[in-house]
Amino acid sequence: MKVARFAHGESISFGIVDEEEHELVVLKSDPLFAGYDPTGERVPLGEARLLAPVIPRSKVVAVGKNYREHAEEMGGDAPSEPLLFLKPNTSVIGPGDAIVLPPESAQVEHEGELAVVIGRVARRVSEADAASVIFGYTIANDVTARDLQRRDGQWTRAKGFDTFCPLGPVISTEVDLERGVIETTVNGERRQRGNLADMVHSVSAIVAYASNVFTLLPGDVILTGTPAGVGPIEDGDRVEVTVSGLGTLANPVRTAT
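Residues numbered from 1 in each chain as written. Predicted model: local features only at pLDDT ≥ 70, side-chain atom pairs only at ≥ 80, totals over all residues. Heavy atoms only, no water.

### Section: the pattern of salt bridges
Side-chain pairs of opposite charge can arise where the charged atoms are in close proximity.
Right, so step 1: Counted under the stated rule, the structure contains 16 salt bridges.
Right, so step 2: A salt bridge links Arg146 to Glu111, with the shortest nitrogen-to-oxygen separation between them at 2.7 Å. Here the residue Arg146 occupies a position in helix α3 (residues 146-152), and Glu111 occupies one in the loop between β10 (108-110) and β11 (112-118), the gap between them amounting to 35 residues.
Right, so step 3: Sharing partners across several salt bridges, the network here consists of Lys87, Glu109, Glu111, Asp142, Arg146 and Lys159. (Salt bridge = Lys/Arg side-chain N within 4 Å of Asp/Glu carboxyl O. Helix = DSSP H or I, 4+ residues; strand = E, 2+ residues; numbered from the N terminus.)

Below, the structure is given as structure tokens:
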């Protein structure tokens with residue numbers, strides 16, 4: 001099942017994506033908290049504007065260097081434990097929204113990632129039980145000011161600017177973690193391609209590890225790391241991140257005005 005958050009007319013709603021009919025089955029409320037209760041209304045996909053499918057009420061948790069080749073291109077080995085950092089929820093934008101290049105940085109880069117959406121309160125869950133607290137999966141771009149990351153020696157500012165966490169286009173309750181592929185293009189040129197199965201730390205391991213550090217709340221998002229091939233984005237570029245079965249998250253890039 002795929003769930004979208006969308007704007008139509010004057011309202012913002014949630015809906016189940018009916019791919020055969022190219023429609024959205026409108027839900028009465030956020031299914032994270034109210035379940036799948038339809039209103040009886042349907043909206044053509046072509047008439048809706050897809051938004052970030054979730055706005056984390058608490059936090060975006062991210063994992064660094066979770067693909068070995070990316071760890072190598074960053075000048076080190078993959079960590080033996082998940083390397084966690086946080087992005088503020090104010091960094092979240094949706095499909096089609098612009099990634100804004102801040103004047104403080106001269107080197108902003110893309111990082112296409114699979115994202116996990118937490119569905120219920122999770123504290124110290126085991127790897128075996130991790131799937132039970134996952135609501136679904138979406139696509140993320142962990143946009144990073146690489147020069148500031150190097151300069152600061154820690155990652156908060158470099159990854160925390162407004163617009164630095166595009167999410168979307170939908171949440172899918174299922175994803176093929178064994179055969180799924182993630183790919184990032186800039187202006188149609190492929191920059192990244194990786195297999196989800198190549199993560200150093202699995203989705204279940206990451207969820208369990210993170211939940212042992214801090215309580216995960218419904219709507220929290222976990223970014224699971226990026227494959228090798230990260231690179232710069234500039235004013236006028238279009239970045240697209242595609243994950244098998246989830247679709248494509250596309251965002252333009254512009255300079256701050």
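### Examining the sheet that holds strand β9 (residues 99-101)
Right, so step 1: The mixed open sheet is built from 5 strands, whose spatial order is β9-β20-β19-β15-β16. If you trace the sheet from one side to the other, it starts and ends with β9 and β16 (189-195), each paired once. Here the average twist between neighbouring strands, direction ignored, is 20°. (Pairing = 2+ DSSP bridges. Axes fitted to C-alpha atoms, helices over the stretch in contact; angles between N-to-C directions.)

### Overview of the sheet that holds strand β18 (residues 231-232)
Right, so step 1: Taking strand neighbours across the sheet as the criterion, the 3 strands line up as β13-β10-β18 in an open arrangement whose pairing is antiparallel. Both outer strands of the open sheet, β13 (144-145) and β18, are each paired with one neighbouring strand and no more.
Right, so step 2: Bridging between β10 and β18 involves 2 bridges; their strand directions are antiparallel. Paired with His110 across the strands is Gly231, a residue of β18.

### A closer look at unusual backbone geometry
Right, so step 1: The omega angle of the peptide bond from Gly168 to Pro169 is 0°, so this bond is cis rather than trans.
Right, so step 2: For Pro169, the position within the fold is in strand β14 (residues 165-172).
Right, so step 3: With phi around 55°, Arg124 is a residue other than glycine that occupies positive phi space.
Right, so step 4: In this model, Thr163 sits at a positive phi of 80°, which is unusual for a non-glycine residue.
Right, so step 5: Mapped onto the secondary structure, Thr163 falls in the loop between α4 (156-160) and β14.

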